[in-house]
Amino acid sequence: MRVLTVVGNRPQFVKAAAVSSRLRAVGEEVLVHTGQHYDDALSRVFFDELELPRPEHRFELGGGSNTEQTARMLSAIAPLLGDVDAVLVYGDTNSTLAGALAAAQAGVPVAHVEAGMRSYDRSMPEELNRVLTDHASSLLLCSSEAAAETLRGEQVVGAVKVVGDVMVDVFELLAPRADAFVLGTLGVTHGEYLLATAHRAGNVDDPTRLRALVDVLTGMPLPVVLPLHPRTRARLDAAGLLEALEGVIVAPPLGYLEFTALVVGARAVLTDSGGVQKEAYLAGVPCVTLRATTEWRETIDAGWNVLVDLDADAARAALARPVPAERPPLYGDGQAGARVVDALVRMVG
Ligand code: UDP
């Protein structure tokens with residue numbers, strides 16, 4: 001079995017870490033890094049910490065509009081498909097869609113990990129990528145039963161299988177090795193700070209929304225640690241808003257082990273990230289999501305996550321809520337990576 005895996009950005013390196021070595025134990029993997037995230041803080045540190053193999057193909061296809069980026073990726077991936085049995089893609093980025101579409105056009109079966117997630121907000125580029133990838137896929141590997149139901153409702157043509165969430169595998173393996181030294185470095189104490197991340201286009205590209213984001217982050221009742229995504233830093237800088245983050249403890253983007261320590265130690269997490277909503281839940285830390293919608297609806301239903309968009313009052317009210325007593329395993333048992341590989345072996349034969 002020869003599988004071409006396409007990754008390109010930070011969350012995909014995390015997800016691939018649950019699968020890559022298992023896949024290489026039973027077949028051949030050709031790892032393609034599109035370079036959607038290329039700086040060391042968003043890329044190399046993850047390959048090192050998560051012990052991901054060096055990519056067989058490494059491109060620099062980031063930058064430009066979503067359309068340009070996806071087009072460049074399609075052109076780069078298509079020539080690599082000659083002798084592969086399947087293409088494996090993760091999540092909802094331009095790299096995901098480009099990998100899936102190039103494969104589907106070449107008649108190569110596509111397996112999509114994290115299939116069936118929906119925010120039902122088509123203005124999010126990620127939502128379009130999710131829907132299109134799912135409908136181009138032969139094997140739809142879901143994090144939850146609800147995601148599988150969604151796909152059945154959409155009558156996708158591929159086979160739908162619930163495998164659990166690969167980020168659970170990585171979190172369970174690496175959370176015990178999380179690097180809590182970072183709390184002292186940033187001058188915060190376990191349980192007495194909030195951890196924030198923000199980088200969604202809908203929150204940072206529009207100056208009015210960016211200002212509202214700054215107002216949320218500066219209006220919190222506890223110190224806020226903000227590992228700043230380069231995109232957000234660039235937008236804040238351009239809008240002259242970096243200085244407005246008064247009192248916020250701004251850090252560079254962190255590696256997985258330091259970031260996980262900050263999640264585990266936080267009183268609550270404020271985020272517009274998909275993966276971080278999930279990881280807060282896994283850590284038993286309440287999450288306040290700085291969006292109006294989420295594809296990780298199970299965390300809302302379980303009472304651990306609240307959607308506040310960019311409303312500072314709503315964020316403060318969410319932080320004052322009691323922590324729920326129950327935290328059921330919403331996204332599987334930490335063995336999703338093994339099930340992904342089993343499903344691939346079955347599909348390819
Ligand atoms: N993450 C990290 N360092 C940071 C911020 C996030 O290691 O400074 C990790 C986080 O633990 C999660 C992933 O990056 O596994 C989430 O990535 P991101 O928020 O960029 O993407 P999204 O999930 O929103 O697509």
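All values derive from a computational prediction rather than experimental measurement.

A. Up close: the site of the ligand. Around the ligand sit 17 residues in total, of which R200, L254, S273, G275 and E279 are the nearest. Here R10 contributes a side-chain N or O atom positioned 2.9 Å from an oxygen atom of the ligand. Between the ligand and the protein, one listed contact pairs an oxygen atom with a backbone N or O atom of G275 at 2.7 Å. Taken by itself the ligand offers 540 Å² of open surface, and the protein chains cover 97% of this.

B. Quick peek at the sheet that holds strand β6 (residues 139-142). In space, the seven strands of this open sheet follow the order β3-β2-β1-β4-β5-β6-β7, with parallel pairing throughout. At either margin of the open sheet sits one strand with a lone partner, and together these are β3 (57-58) and β7 (159-162). As judged from the two bridges shared by strand β2 (residues 28-33) and β3, these two strands associate in the parallel manner. Paired with V32 across the strands is H57, a residue of β3. Helix α5 (residues 94-106) rests against β1 (2-7), β4 (86-90) and β5 (110-115) of the sheet, and its axis sits at about 160° to β4.

C. Highlighting the domain arrangement of the chain. The domains assigned to the chain are domain 1 (2-165 + 332-348) and domain 2 (174-319). Just the C-alpha atoms count here: the centres of domain 1 and domain 2 sit 26 Å apart. Between domain 1 and domain 2, the contact holds 24 residues from the first and 18 residues from the second. Note on domain 1 versus domain 2: buried area summed over both sides is about 1700 Å², and carbon and sulfur give 56% of it. It is R10, E49 and M117 in domain 1 that bury the most area against domain 2; as a group they hold 26% of the surface buried on that side.

D. Structural context of the UniProt feature "domain: UDP-N-acetylglucosamine 2-epimerase" (unreviewed entry) in the chain. Feature annotation in UniProt places "domain: UDP-N-acetylglucosamine 2-epimerase" (unreviewed entry) on residues 28-344, given in this structure's numbering. Counting secondary structure, residues 28-344 comes out at 43% helix and 15% strand; the distance between its end C-alpha atoms is 12 Å.

E. Representation of the nonpolar core. One finds V19, L88, L141, Y256 and V340 to be the most contacted residues of the largest nonpolar core, which totals 33 residues. Per-domain counts for this core show at least three residues from each of domain 1 (2-165 + 332-348) and domain 2 (174-319). Judged by nonpolar contacts, the second largest core, of 27 residues, contains V214, L270, V288 and L310.

F. Summary view of the packing of aromatic side chains. If you walk through the whole model with that rule in mind, you get three aromatic pairs. Ring centres of F13 and F47 lie 4.9 Å apart, and the angle between their planes is 55°; on these two criteria the pair is classed as tilted. With F13 in helix α1 (residues 10-17) and F47 in helix α3 (residues 44-49), this residue pair connects regions lying 34 residues apart in the sequence. Exposure class is identical for F13 and F47. Each is buried.

G. Summary view of the pattern of salt bridges. All told, the structure shown has 26 salt bridges when counted by the stated rule. Of the charged contacts in the structure, one is a salt bridge between D134 and R118, with a shortest N-O distance of 2.9 Å. On the criterion of sequence distance, the pair formed by D134 in helix α6 (residues 125-136) and R118 in the loop between β5 and α6 is long-range, its members being 16 residues apart. Judged by relative accessible area, which is 0%, D134 ranks as buried. A relative accessible area of 1% means that R118 is categorised as buried. One salt bridge connects R231 with D205, and the closest N-O pair in it is separated by 2.7 Å. Separated by 26 residues along the polypeptide, R231 in helix α12 (residues 230-238) and D205 in the loop between α10 (201-204) and α11 (207-218) bring together distant segments of the chain. Because the salt bridges share partners, they merge into one network encompassing D92, E127, R130, R291 and E295.

H. Examining the sheet that holds strand β10 (residues 249-251) more closely. As summarised here, the arrangement of the six strands in space is β10-β9-β8-β11-β12-β13, forming an open sheet in which the pairing is parallel. Each having just a single partner strand, β10 and β13 (305-307) make up the two edges of the open sheet. Averaged over all neighbouring strand pairs, the angle between strand axes comes to 20°, with direction disregarded. Taken together, the three bridges between strand β12 (residues 287-289) and β13 define a ladder with parallel strand orientation.

The rules behind these values
Residues numbered from 1 in each chain as written. Predicted model: local features only at pLDDT ≥ 70, side-chain atom pairs only at ≥ 80, totals over all residues. Heavy atoms only, no water. Near = heavy atom within 4 Å. Polar contact = N/O pair within 3.5 Å; in protein donor to acceptor, adjacent residues only side chain to side chain. Areas by Shrake-Rupley, 256 points an atom, 1.4 Å probe, with all protein chains shown as cover. Pairing = 2+ DSSP bridges. Helix = DSSP H or I, 4+ residues; strand = E, 2+ residues; numbered from the N terminus. Contact = heavy atoms within 4.5 Å. Axes fitted to C-alpha atoms, helices over the stretch in contact; angles between N-to-C directions. Domains from an automatic or database assignment. Buried area = accessible area lost by both parts, 1.4 Å probe. UniProt positions renumbered as here; feature names shortened; annotations may be inferred. Core = buried A, V, L, I, M, F, W, Y, C linked by side-chain atoms within 4.5 Å. Buried < 20%, exposed > 50% of the residue type's maximum accessible area, 1.4 Å probe, protein only. Phe/Tyr/Trp six-rings, centres within 6.5 Å; stacked < 30°, edge-to-face > 60°. Salt bridge = Lys/Arg side-chain N within 4 Å of Asp/Glu carboxyl O.

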